[in-house]
Amino acid sequence: MKITIAKQTLFCITVLLGLQSFGQEQEALKYTASNKGKFSVSWGGNRASFSKSNIDFKGSDYNFRLLNVKAHDKPKGWHIDYINPERLTIPQTNFKIGYFISDHYKIAIGLDHMKYVVSQLQTVHINGNINLNATDAGAIYNGMYTDDTIFINEDFLLFEHTDGLNYVYLDVSRFDDISSIFNIRNTDKFQLNLTEGIGGGFLLPKTNTTLMQKDRYDEFHLSGYGVSLNAGLNLTFFKHFFMQLNMKGGFINMPNIKTTNSKADSASQHFFFLERVIEFGGIFNI
C-alpha cells in the first residue's frame, strides 16, 4: 500500500514538472518573448519646442549677435502629406531603422525632420556692427550696437531651418516588457514596452534665410552636431506592428550655418530642443 502511494505521488510530481516545462516551452515559442536579431522600421511625426538662443551673424561688412531669440516649429497637423512620397519633407517627420543586438538593446539610425522658425515681430538685444555699402537695401541698419534693441521683421531678418532642421543620428535604446504590470498575458496579441535611449549625430539643415534683404542660400549643408535623450511607451500588437509615443530632448550646436550666397556670410547658434513624437512601424526577423 505504501509503495502504491509513493508511486502515485511520484507520478503526480512528474506530471506537474512536465506541465511546467511545457508551459515554459510555450512561453519561449511566443514571437514577442525574444527580440534579439529583429529589425524594426518606423515613420511618424513630431511637434518641437526650442529654447531661446543667441545667434551670431558674420560677413565681410557686418558682425553682430542677437540675444535670446525666440523660435517655434511649423506644424502641419494631421495631413496626407505624411504618407505622400512627393511631399514627405513638408510636414515634421521622424524616420528610424533599428536592429536588436540583444533582447533588451537596440541600435538605430534615424532622421528627425524638425522645423525651426525665428518668431517674427519680436524685439531682441543686439551687439556688434553693421557696415553695408550705402547702396544696399540693408544699409538702413548700419551702425555700432552695444546692448541696443532691434525689431525682427522680414526687412531685417527671416531665419528658418524649415526644410528642415534635419538631425541625423545614431542611438542606443533599451526595451523592457511591462505587459505583466497590466495583466496582459498573451503578448503576441498585445505587448507594452518601456523604452529609453541616448543618441548623437549631425545637423544637415536647409536654412531659408533673408538677412537684410540679401539673396539667400538655399542648399543642404552640414552645420553642426546634436546629442539627445529619449523615453517612450511602445505598444506592439499582432507580433509585427507597433505604435510608439516618445519624448525626446537634446542639445544642438550649429557653428556653420549658411545664410547667403556669399562664402563670407555665415551664422552660428546653439539651443536645446524638446520633441513630442508619435511613430508607427513594424518589427520582423530577416
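Naming follows an unreviewed UniProt entry, where the protein appears as Outer membrane protein beta-barrel domain-containing protein of Mariniflexile ostreae.

**Some words on the overall build of the protein**
Within the protein one finds 1 helix and 14 strands. For the protein, with 286 residues in total, the buried portion stands at 42%. Across the protein, the fraction of contacts at a sequence separation of at least 24, relative to all contacts at a separation of at least 6, is 71%. Summed over all atoms, the accessible surface of the protein reaches about 15500 Å², with 61% contributed by carbon and sulfur.

**Looking at the environment of Gly-200**
Relative to the helices and strands, Gly-200 resides in strand β10 (residues 190-203). A relative accessible area of 27% places Gly-200 in the partly exposed class. Between the alpha carbons of Gly-200 and Asp-171 there is a distance of 6.5 Å; along the sequence they are 29 residues apart. Beyond its immediate stretch of four places on either side in the chain, Gly-200 contacts Tyr-167, Tyr-169, Leu-170, Gly-226 and Val-227.

**Concerning the environment of Ser-40**
Looking at the element boundaries, Ser-40 is found in strand β1 (residues 38-50). Assessed through its relative accessible area of 4%, Ser-40 is described here as buried. There is a polar contact of 3.0 Å between the side chain of Ser-40 and the side chain of Lys-106.

**A short note on the packing of aromatic side chains**
All told, the structure shown has 16 aromatic pairs when counted by the stated rule. Counting every residue linked through ring pairs, the aromatic cluster contains Phe-57, Tyr-62, Phe-64, Tyr-141, Phe-156 and Phe-159. Just above the ring of Tyr-31 sits the side chain of Lys-38; from NZ or CZ to the centre is 3.7 Å. Residue placement shows Lys-248 over the ring face of Tyr-169; its charged tip is 3.5 Å from the ring centre.

**So, unusual backbone geometry**
A cis amide bond links Asp-163 to the next residue, Gly-164, at an omega of -5°. Note on placement: Gly-164 falls in strand β9 (residues 157-177). Of note in the backbone geometry, Asp-147 takes a positive phi value of approximately 55° without being a glycine. Here Met-212, not a glycine, exhibits a phi torsion of approximately 50°, which is positive. With respect to the helices and strands, the residue Met-212 is situated in the loop between β11 (207-211) and β12 (224-237).

**Here we look at the environment of Gln-191**
Inspection of the secondary structure assignment puts Gln-191 in strand β10. In this structure, Gln-191 is in contact with Thr-32, Asp-177, Ser-179, Asn-234, Leu-235 and Thr-236, ignoring residues within four places of it in sequence. Polar contacts involving the side chain of Gln-191 include one to the main-chain carbonyl oxygen of Thr-32, which spans 3.4 Å. A distance of 3.0 Å separates a polar atom in the side chain of Gln-191 from a polar atom in the side chain of Asp-177.

**Points about the pattern of salt bridges**
All chains considered together, the criterion is met by 6 salt bridges. Of the charged contacts, one joins Arg-65 and Asp-56 as a salt bridge, the two residues approaching to 2.7 Å between their closest N and O atoms.

The rules behind the values
Residues numbered from 1 in each chain as written. Predicted model: local features only at pLDDT ≥ 70, side-chain atom pairs only at ≥ 80, totals over all residues. Heavy atoms only, no water. Helix = DSSP H or I, 4+ residues; strand = E, 2+ residues; numbered from the N terminus. Buried < 20%, exposed > 50% of the residue type's maximum accessible area, 1.4 Å probe, protein only. Contact = heavy atoms within 4.5 Å. Areas by Shrake-Rupley, 256 points an atom, 1.4 Å probe, with all protein chains shown as cover. Polar contact = N/O pair within 3.5 Å; in protein donor to acceptor, adjacent residues only side chain to side chain. Phe/Tyr/Trp six-rings, centres within 6.5 Å; stacked < 30°, edge-to-face > 60°. Lys NZ or Arg CZ within 6 Å of the ring centre and 35° of its normal. Salt bridge = Lys/Arg side-chain N within 4 Å of Asp/Glu carboxyl O.

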